[in-house]
Amino acid sequence: MNLQDLFSLEGRIALVTGGSRGIGRMIVEGFLAAGVERVYITARKEDELQATADDLGDKVVGIQGDISTLAGCDALVEAISAKEDRLDILVNNAGAAWGEDYTSFPEQGWDKVMDLNVKTPFFLTQKFHKLLTAQATQNRPGKVINIASVDGMRINPWETYSYQASKAALIHLTRRMAARLVQDHVYVTGIAPGAFPSNMNKVARDMEAESAKGIPNKRVGDKFDMGGSAVYLASRAGDYTIGETLTVDGGIVNAHLPNHFADPAGGR
Ligand SMILES: NC(=O)c1ccc[n+]([C@@H]2O[C@H](COP(=O)([O-])OP(=O)(O)OC[C@H]3O[C@@H](n4cnc5c(N)ncnc54)[C@H](OP(=O)(O)O)[C@@H]3O)[C@@H](O)[C@H]2O)c1
């Protein structure tokens, strides 16, 4: 067994939505380390998108656009179809959150979050079906990776009602889409990140030490954690993992003792 081949993305064409910063960028860096042929990144802010593409080198191509609408998804599919005859890896990473007190939480806070976090991964994958299946075989399957969250696996105290529901929905949608697309040799999986420093997770970014205290392995996530997980799922190494959402969280979901166990004086 050759480790290089097992995790290689050589010859693969990838798209990472929201690849201009944060978790999307971490995934792009992982794909580059694994030798990806080309990786497209998308975002609404042209300057930041272009700066990231320039920074990461000529294998990274930015396509500006808002993919929270079906028209935006169509425009992206059209732009990539004009350049490529196949897409090997699609990472549905772009996401939004909304936090507000329960009593005033508005409809807009549902529409914005459910559109981008749930509808967009479904419709973008549907609209890329032709390119994703173009060269997909059992020996070289296409890959779709949905970026969910640990917030879709257990509740957290923040009043992000639609966000937590959207990520739980995405984890279930990952299984349902996997069951359909496995027939076409396209394998759908997910990643549920814990705390990764980013614009969205300003607490992990600006109060890293505080955030780390609540995480079983006592640190926030980094690009090696995220890049490594995405490369695993995208490469030959992950070909037998289908419909699964991989938790990448330092133990928050699966290795977190309830307080009354963690504190020897409590609960006894
Ligand atoms: N960071 C964490 O701790 C954490 C934990 C669990 C899950 N996640 C998930 O990880 C994913 C990435 O989050 P992040 O923390 O990296 O957030 P981020 O730093 O805010 O990055 C979000 C990315 O998505 C793009 N984006 C947002 N809305 C878009 C739209 N309508 N159309 C196109 N692109 C859009 C952003 O660029 P523009 O603003 O320029 O459009 C940016 O590139 C999200 O799905 C999030 O829910 C994050």
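Cut-offs used in this document
- Residues numbered from 1 in each chain as written.
- Predicted model: local features only at pLDDT ≥ 70, side-chain atom pairs only at ≥ 80, totals over all residues.
- Heavy atoms only, no water.
- Helix = DSSP H or I, 4+ residues; strand = E, 2+ residues; numbered from the N terminus.
- Rg over C-alpha atoms; globule rule 2.2 N^0.38 Å.
- Buried < 20%, exposed > 50% of the residue type's maximum accessible area, 1.4 Å probe, protein only.
- Contact = heavy atoms within 4.5 Å.
- Areas by Shrake-Rupley, 256 points an atom, 1.4 Å probe, with all protein chains shown as cover.
- Lys, Arg positive; Asp, Glu negative; His and termini not counted.
- Charge placed at Lys NZ, Arg CZ, Asp CG, Glu CD.
- Expected span 1.5 Å × (residues − 1).
- Polar contact = N/O pair within 3.5 Å; in protein donor to acceptor, adjacent residues only side chain to side chain.
- Near = heavy atom within 4 Å.
- Nonpolar A, V, L, I, M, F, W, Y, C, P; charged D, E, K, R; others polar.
- Salt bridge = Lys/Arg side-chain N within 4 Å of Asp/Glu carboxyl O.

## So, the overall build of the protein chain
Counting its secondary structure elements, the protein chain contains 11 helices and seven strands. Taking 2.2 N^0.38 as the reference for a compact globule, 268 residues should give roughly 18 Å; the C-alpha atoms of the protein chain span a radius of gyration of 18 Å, in line with that estimate. Dimensions of the protein chain along its principal axes, counting C-alpha atoms only, are 60 × 50 × 35 Å. For the protein chain, the residues scored as buried account for 47% of the 268 residues in total. Considering only intrachain contacts with a sequence separation of at least 6, the fraction spanning at least 24 residues in the protein chain is 71%. With an accessible surface of roughly 13200 Å², the protein chain has 52% of that area assigned to carbon and sulfur atoms. Of the charged side chains in the protein chain, 28 are positive and 33 negative, and the gap between their average positions amounts to 4 Å.

## Here's the deal with helix H7 (residues 161-181)
With 21 residues, H7 extends 30 Å from end C-alpha to end C-alpha; this agrees with the ideal 30 Å at 1.5 Å per step. All buried positions along H7 are accounted for by Ser162, Tyr163, Gln164, Ser166, Lys167, Leu170, Ile171, Leu173, Thr174, Met177, Ala178 and Leu181.

## Details of the side chain of Arg86
Structurally, Arg86 can be placed in the loop between helix H4 (70-81) and strand S4 (89-92). Polar contacts involving the side chain of Arg86 include one to the main-chain carbonyl oxygen of Gly11, which spans 2.4 Å. Polar contacts involving the side chain of Arg86 include one to the side chain of Asp88, which spans 3.0 Å. The residues touching Arg86, leaving out its near neighbours within four places in the chain, are Gly11, Arg12, Ile13, Glu37, Leu131, Ala134, Gln135 and Arg140.

## As for the site of the ligand
Taken together, 29 residues are adjacent to the ligand, and Ser20, Arg44, Lys45, Tyr163 and Ser198 come closest. Here Ser20 contributes a side-chain N or O atom positioned 2.7 Å from an oxygen atom of the ligand. Between Ser198 and the ligand, the recorded distance is 2.5 Å, taken from a side-chain N or O atom to an oxygen atom. Within the residue set of the shell around the ligand, elements represented by two or more residues are helix H2 (22-33) and H7. The residue makeup of the shell around the ligand, split by class, is 12 nonpolar, 12 polar and five charged.

## Some points on the pattern of salt bridges
Under the counting rule described, the total for this entry stands at 17 salt bridges. Of the charged contacts in the structure, one is a salt bridge between Asp225 and Arg219, with a shortest N-O distance of 2.8 Å. Overall, Asp225 belongs to the partly exposed group, its relative accessible area being 21%. Residue Arg219 is classed as partly exposed on the basis of its relative accessible area, which comes to 37%. A network of salt bridges, in which partner residues are shared, links Arg25, Glu29, Asp55 and Lys223.

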